[in-house]
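So you can see what is in the structure, the chains are spelled out below.
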Amino acid sequence: MSVEENEGSPRAVKAGKFYVEDEIKTFRKNFERHHSKKKELRKAEYFSKEVIEHLLKVEGCDGVRIYYGLAPENTEGHIDPKIADNLQPRLFLVPVHIGEDGLGRDINFKPQLDTTGEKDGGGEDGGAGGGLPCPGFCNP
């Protein structure tokens, strides 16, 4: 894996690129074929613009890391830590700072918003999760 720098600054590390629609369709079909034995395959999650913008505005944020995880879901498809089973694949987004050494590190920050967009009273370090899953919230 190579890391490409912008303007010689480790904080401007380029990561990711754009793909044409046909390439993305092929990659998605590959994923679905690879996981074809699953009864209902989680294909994606939707995160609102406000959640992503909030992460990008965290002081020192140079980008976002997306973690794969398994989280307990209720029957409506919402993450519910009180449930002991029904673990489903979920995505979690965390702001990242690129250090002087060029390595990305998760930023510990206190979210100002909860999943409904209201002030978060807990004040614990975290990131974003609980997007709307597909199937469920996706085009047919």
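Chemist: Please provide a residue-by-residue account of the packing of aromatic side chains, values included.
Modeler: Using the criterion set out here, one finds 2 aromatic pairs in the structure. Both rings, one in Tyr 19 and one in Phe 27, keep their centres 5.7 Å apart while their planes meet at 85 degrees; by these two values the pair is edge-to-face. The class for Phe 27 is partly exposed, based on a relative accessible area of 45%. With a centroid separation of 5.1 Å and an interplanar angle of 50 degrees, the aromatic rings of Tyr 46 and Phe 137 are classed as tilted. Remark: Phe 137 occurs in the segment after strand S7 (132–134) and Tyr 46 occurs in strand S3 (residues 44–46); sequence separation between them is 91 residues. Taking relative accessible area as the criterion, Tyr 46 reaches 40% and is therefore assigned partly exposed. You can call Phe 137 partly exposed: its relative accessible area is 45%.

Thresholds applied
- Residues numbered from 1 in each chain as written.
- Predicted model: local features only at pLDDT ≥ 70, side-chain atom pairs only at ≥ 80, totals over all residues.
- Heavy atoms only, no water.
- Phe/Tyr/Trp six-rings, centres within 6.5 Å; stacked < 30°, edge-to-face > 60°.
- Buried < 20%, exposed > 50% of the residue type's maximum accessible area, 1.4 Å probe, protein only.
- Helix = DSSP H or I, 4+ residues; strand = E, 2+ residues; numbered from the N terminus.

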